[in-house]
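Observations on the model geometry
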Amino acid sequence: MKKWYGGVVIASLFTLLLLRYGLMKNPIGDSYLTSPVPTNASNPLEWQRTAAPAAVQNPGNASQVISIDTIAAGLFSQRNISKEEQQSLHTWNLLKHLINRSRGLANGVEAIKEAGSAWNNLMVSVEEEKLGYTNESSARRAKEKQCPHFINKMNATDLNSTSFKLQVPCGLTQGSSITIIGIPDGLLGNFRIDLTGEPLPGEPDPPIILHYNVRLLGDKITENPVIVQNTWTLAHDWGDEERCPSPSPEKIMKVDELDQCNKLVGKDYKRLSTASMLLNNSRMSPKAQEGSKTRRYFPFKQGHLFVATIRVGSEGIQTTVDGKHITSFAYRETLEPWLVNEVKISGDLKLISHTTDLEALRSSPLSFHKPVDLFIGVFSTANNFKRRMAVRRTWMQYAAVRSGAAAVRFFVGLHKNQIVNGELWNEARTYGDIQLMPFVDYYSLITWKTLAICIFGTEVVSAKFVMKTDDDAFVRVDEVMTSLNRINVSSGLLYGLINSESRPHRNTDSKWFISPQEWPEETYPPWAHGPGYVVSHDIAKAVYKRYKEGQLKMFKLEDVAMGIWIADMKKEGLEVRYEQEERVHNEGCKDGYVVAHYQSPREMLCLWQKLQEGNTARCCGD
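Overview of the structure. From a predicted model like this one, the values you see are computed outputs, not experimental measurements. (Residues numbered from 1 in each chain as written. Predicted model: local features only at pLDDT ≥ 70, side-chain atom pairs only at ≥ 80, totals over all residues. Heavy atoms only, no water.)

**A word on the state of the cysteines**
Summed over the entire model, instances satisfying the criterion amount to three disulfides. Disulfide pairing is shown between Cys589 and Cys619; the S-S distance is 2.1 Å. Looking along the S-S bond of the Cys589-Cys619 disulfide, the torsion reads about -85°, which is the left-handed sense. A residue pair is termed long-range when its members are at least 10 positions apart, and Cys589 in the loop between strand 29 (584-585) and strand 30 (595-596) and Cys619 in the segment after helix 15 (601-614) qualify at 30 residues. (Disulfide = S-S within 2.5 Å. Helix = DSSP H or I, 4+ residues; strand = E, 2+ residues; numbered from the N terminus.)

**Some words on the side chain of Asp559**
By the secondary structure assignment, Asp559 is in helix 14 (residues 558-571). Within the buried core, Asp559 has no salt-bridge partner, and the shortest N-O distance to an opposite charge, that of Lys468, equals 6.1 Å. A polar side-chain atom of Asp559 sits 3.1 Å from the main-chain amide nitrogen of Gly530. (Buried < 20%, exposed > 50% of the residue type's maximum accessible area, 1.4 Å probe, protein only. Lys, Arg positive; Asp, Glu negative; His and termini not counted. Salt bridge = Lys/Arg side-chain N within 4 Å of Asp/Glu carboxyl O. Polar contact = N/O pair within 3.5 Å; in protein donor to acceptor, adjacent residues only side chain to side chain.)

**Structural notes on the sheet that holds strand 23 (residues 474-475)**
Pairing within the open sheet is mixed, and its three strands lie in the order 23-30-29. Every interior strand has two partners, whereas the edge strands, strand 23 and strand 29, have only one. Pairing analysis gives two bridges linking strand 29 to strand 30, with the strands arranged parallel. If you follow His585 over to strand 30, its bridge partner there is Ala596. (Pairing = 2+ DSSP bridges.)

**What to know about the pairing of strand 24 (residues 493-496)**
Side chains Leu493 and Tyr495 of strand 24 all project onto a buried face; the interleaved residues Leu494 and Gly496 project onto the opposite face, where all are buried too. Where strand 24 lies against strand 28 (residues 577-580), four bridges are found, and the strand directions are parallel. Its bridge partner lying in strand 28, Gly496 is registered against Gln580. Relative to strand 27 (residues 532-536), strand 24 runs antiparallel, the two being bridged by two bridges.

**What to know about the packing of helix 11 (residues 446-460) against helix 13 (residues 537-548)**
Look at helix 11 against helix 13: their axes get within 8 Å of each other, and the N-to-C directions meet at 115°. Considering only the axes of helix 11 and helix 13, their crossing is left-handed. In this structure, helix 11 contributes Leu451, Cys454, Ile455, Gly457, Thr458 and Glu459 to the contact, and helix 13 contributes His537, Ala540, Lys541, Val543, Tyr544 and Tyr547. (Axes fitted to C-alpha atoms, helices over the stretch in contact; angles between N-to-C directions. Left-handed = near helix turned anticlockwise from the far one by under 90°. Contact = heavy atoms within 4.5 Å.)

Shown next as structure tokens:
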């Protein structure tokens, strides 16, 4: 009986395997593709339009590699996307050989198969969006989806002489800001700024994501000037208001490391110029004596021009007036900034100008083979939006990056979740600094991103040096470029925290376990730790060349892989310079750092602030 039962099980398993093989041979019918769509050899940034690919004539001879190619072929077929959207796919069509070599790393087959499905679903969604396949009219949807990066007063609607509305069709994203220039006037000088969402079905009034109310003559609680911040929904009415100056200064919290209310607001101070202080009191003019009287500090004053900026942070909304931080307001549940549909300004205010501006965080498009001194590729995953925003707001603001001497791009694989991919696609269109990968992210495949960085740094732009880092690493771009100039080596360079005596982890419980089959030798060749290393152009170029020729060993530890590739080049005659940089910290931060790893978004902002305040590389911590 046991033998008969065992035979049935074996026969059943064999049948399932046959069925699985049959499905793999012909997963999408007779019209599946045999090879990826070719690219334009003269300019790899442009997609080549081709006729529909032919079907496999003899599917009976198809192997599993062909099956992978079949499922993933849609990754490289022509899509109806704009040139601006193609900016996120510069390395995409140059990675097509991964399909034939996907067995070199664990999860490679799964990653490409899953990417084929994810990419197709994303493109269907994008195409439907463009065609306006909704219950609403196509014209209305097209209007709503125009997401400008800069809106000025010319887009505003004058409700009356003291009230304006500014449409924000795509919400406010982290890092965006609204700048208002005006003069409080009228009888009271009180004015309001409301960030409102779209009206909800069945509700007469839209929710207010932020109510910013400036009361120059005080209110029922105080006779002194005060700023009141709050939110409003029909269901919960007004929330708990936050006042500045606060009636309980000891309870002031921090939002994005900034006080809810600047402690100077409402404090006494003397308006006395330095020149006046040098004079004898008896010689001071009546006007100067009047100016020396004690006053309460308040950022707005009737009849005086102000420049106020409302900025969207990771934890809340901050407001600065004339360059000084005044208030912070933490987001409240279901009232996030991306829901903002309109900015309304009203009250006793003469409005001079108001704008919303994302350009400071948006990367400039790059020309094909544009020469740059340094290209920096950043490893990131689809869900790490906050980390990418922290990078955009901090070390991507270095002058070298803003001027184009250095370029930065995030390398992000697709996600299994369609909603996440949709958000990633919109982020890529908004900021122009994401390179999408034609595979789903797995830790074992990060070496493919290293390859993509080398491709971008040599085939898309022509960089003297190519750097790899992570989205939780803070990079002092100025110091990296200064060090490269000091080293003055243009070829054969590996710069970073060099490890020359490391051994493979043979413990199967280790995240970095390497079997003898993967690396039989007892030690690795010299390699540089992943949070921040730089290679010269010739090394990056050789990596891409070996990949195209099928001679690049795919090793799952990407930083060690680069060391292995360089060692192979050295054996073939390349003169290699290993430049040790002890200021690259692969586990945390130390004062004087060039690269600090494992930094949270809040710590990144703190590091940048310290650099701006004192121009010193001081760490942040508890």
